[in-house]
Amino acid sequence: MDDIIQTVKQEVALDCDQGSTLSKVWSYVELAQRRLLQRNGTDPESVTVDDALKRYLWPYIVKLPGMSFINGGTVIYESTGRGAAQSNAAKNFLALSASEAESHFPDLVMRSSRKATYKEIF
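Described in the following lines is the structure provided in the data block. From a predicted model like this one, the values you see are computed outputs, not experimental measurements.

The number of helices and strands found in the protein is six helices and four strands. Across the protein, helices and strands are ordered from the amino to the carboxyl terminus as α-β-α-α-β-β-α-α-β-α. Against the compact-globule benchmark of 14 Å for 122 residues, the protein has a radius of gyration of 14 Å, which places it among compact chains. The 122 residues of the protein split such that 40% are buried. The long-range fraction of contacts in the protein, counting pairs at least 24 apart against all pairs at least 6 apart in sequence, stands at 62%. Looking at the protein as shown, the accessible area adds up to about 7,200 Å², and 49% of this sits on carbon and sulfur atoms. With 14 positive and 15 negative side-chain charges, the protein shows a separation of 8 Å between the mean positions of the two kinds.

Take the pairing of strand β3 (residues 74-79) next. Taken residue by residue, a regular strand's side chains alternate between the two faces of the sheet. Summarising the sheet, strand β2 (residues 67-71) and β3 pair through five bridges and their orientation is antiparallel. Bridge assignment links N71 to a residue of β3, and that residue is T74. Where β2 hands over to β3, the hairpin turn is made up of two residues, of which G72 adopts a positive phi near 55°.

Before going further, it helps to examine the environment of W58. Summarising the element assignment, W58 is placed in helix α3 (residues 51-62). Spatially, the C-alpha atoms of W58 and I5 are 10.0 Å apart, while their sequence positions differ by 53 residues. Once residues within four sequence positions are removed from consideration, W58 is found in contact with L22, W26, F69, F93, L96, S97, A98, A101 and L108. A polar atom in the side chain of W58 sits 3.1 Å from the backbone oxygen of L96.

Cut-offs used in this document
Counting starts from 1 at the beginning of each chain's written sequence and moves along it residue by residue. At least 70 in pLDDT is required for a residue's local features to be given in this predicted model, at least 80 for side-chain atom pairs to be given and counted, and no such filter applies to totals for whole chains, interfaces and linings, which use all residues. Water and hydrogen atoms were dropped before computing side-chain values, which therefore reflect all heavy atoms in the structure. Per the convention used, a helix needs a DSSP run of H or I reaching at least four residues, while a strand needs a run of E reaching at least two, with both numbered from the N terminus. A radius of gyration in this sense is built from C-alpha atoms; the matching globule rule multiplies 2.2 Å by the number of residues raised to 0.38. Categorising residues by exposure relies on relative accessible area from a 1.4 Å probe, with only protein chains included: less than 20% of the type maximum marks a residue as buried, more than 50% marks it as exposed, and the intermediate range marks it as partly exposed. Two residues form a contact once any of their heavy atoms are found within 4.5 Å. Calculation of accessible area relied on Shrake-Rupley with a 1.4 Å probe; when residues are assessed, cover is drawn exclusively from the protein chains displayed. The charge count treats Lys and Arg as positive and Asp and Glu as negative. His and the chain ends do not count. For this purpose, a charge sits on NZ of Lys, CZ of Arg, CG of Asp or CD of Glu. When DSSP finds two or more bridges between two strands, those strands count as paired. Residues adjacent in sequence count toward polar contacts only when both atoms are side-chain atoms; beyond that, a polar contact is any pair of N or O atoms within 3.5 Å, and within protein one must be able to donate a hydrogen and the other to accept it.

So, in structure tokens, the structure goes:
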């Protein structure tokens, strides 16, 4: 799982200011799975990112330090990784499943902070 989360973190950082739609984030999960399977000599064509996998990974993805979730230009949630006090809106967002987030926020984009981007790239 660490490889999958790390791949998501790196790829979102590479998307810079434009950020990554959730569908793009799930494609990064698929990419990481394919790489893992290839490394282990397994057929990577059998990879799917289903609702169960999304449900499992979502809490880890939303809490990645230095990531923001933005919908239509409005920041919905920022993960500082410091355990800072959270607004009710942030708490409500964290309580959503991946599919609920996708349906509540159709234009949701995950974006890496500049600091997190520099850390991943340099």
